[in-house]
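Take a look at the letters that make up each chain.
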Amino acid sequence: MTDKLADHAASPTTNLRVSMVQGATLWHDPDGNRRYYGELVASVRGMTDLVVLPETFTSGFSNAAGDDAETMDGPTLDWLRDQARQADAAITGSVQIREAGGVYNRMLFVTPDGGVSHYDKRHLFRYAREHERYAPGRDRLTVEWRGWRICPMVCYDLRFPVFARNRFDVERPGGLDYDLALFVANWPAARSHAWKVLLRARAIENLCFVAGLNRVGNDGNGIDYSGDSAIIDYVGDPVSEYRDMEVVATSTLLASGLAGHRQKFPAMLDADRFELR
């Protein structure tokens, strides 16, 4: 083991409780979705550190929903702040946000003190013409929460491993960029195999936990969603997996296991350097 690896603060030292809220998002009904997801989130208040909601959880994945996109002064961000405060946990999910003349598929990360970070989906789903109606984000986000470094991403981003790459000694001196990658999604049942495989790939190659939160049910475009939400550990094994049903479930991510794996298998020291453009 090198001195560089032995001395670095590579991993969190406390566990993290993550609550996955796999719901059947209502079609183009922001008020209804806030009520629906609020009832689900209420079941884990005071018992979790992080609550994860699906992609576009106020509307479903609809290009037309961009016509009614909110601003950062809209009701959903206020609702998220209220949910985080009541749960005493961070809460995250994506919504359509209009800003500077464009609409973004924006993943919001809100903490109990009202703090807000956001990531705009970089990879827009050309197959569904998302790129014609939404503006792309550019920069990746890493947030620090209760001793963990967390990287939130959205759906189609899962297919782009270079963007998700967990680099060593770049964002965190002597350590990896992040400990937990989050992917929130509206990932159709027809491509569920790719979802399951790619979640595992991202976890293994990045020596981190990965949480992938998908929706269930069907939407106004006639698309079916099988859920398949999961938390995968750093060797590709499931911490938790869920099928095609509404579920709210909390899993504890063990800091000691992550630290031990990185100490024993320091593949990050052999990784390629690159520049993302």
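Relevant structure appears above.
All figures in this text were calculated on a predicted structure; none of them were measured in a lab. (Residues numbered from 1 in each chain as written. Predicted model: local features only at pLDDT ≥ 70, side-chain atom pairs only at ≥ 80, totals over all residues. Heavy atoms only, no water.)

1. Structural notes on the layout of surface pockets
In this structure, the largest pocket spans a volume of roughly 250 Å³. Phe125, Asn186, Pro188, Arg191 and Ile223 are, among the 18 residues lining the largest pocket, the residues nearest its centre. Per-class residue counts for the lining of the largest pocket are eleven nonpolar, two polar and five charged. The space that makes up the second largest pocket amounts to roughly 190 Å³. Arg138, Arg140, Phe163, Arg167 and Leu276 are, among the 13 residues lining the second largest pocket, the residues nearest its centre. (1 Å grid on protein atoms, 1.4 Å probe; cavity = no way out; pocket = protein on both sides within 12 Å on 5 of 7 lines; lining within 4 Å. Points joined across faces, edges and corners; volume = space filled by probe spheres on them. Nonpolar A, V, L, I, M, F, W, Y, C, P; charged D, E, K, R; others polar.)

2. Notes on the packing of helix 2 (residues 30-42) against helix 3 (residues 75-87)
Where helix 2 contacts helix 3, the two axes come as close as 11 Å, and the packing angle between them is 10°. When the axis of helix 2 is compared with that of helix 3, the two are roughly parallel. Residues Arg34, Tyr37, Gly38 and Val41 of helix 2 lie in contact with helix 3, whose contacting residues are Pro75, Thr76, Trp79 and Gln83. Here the residues of the contact of helix 2 with helix 3 sort into four nonpolar, three polar and one charged. (Axes fitted to C-alpha atoms, helices over the stretch in contact; angles between N-to-C directions. Helix = DSSP H or I, 4+ residues; strand = E, 2+ residues; numbered from the N terminus. Parallel < 35°, antiparallel > 145°, perpendicular 65-115°, else oblique. Contact = heavy atoms within 4.5 Å.)

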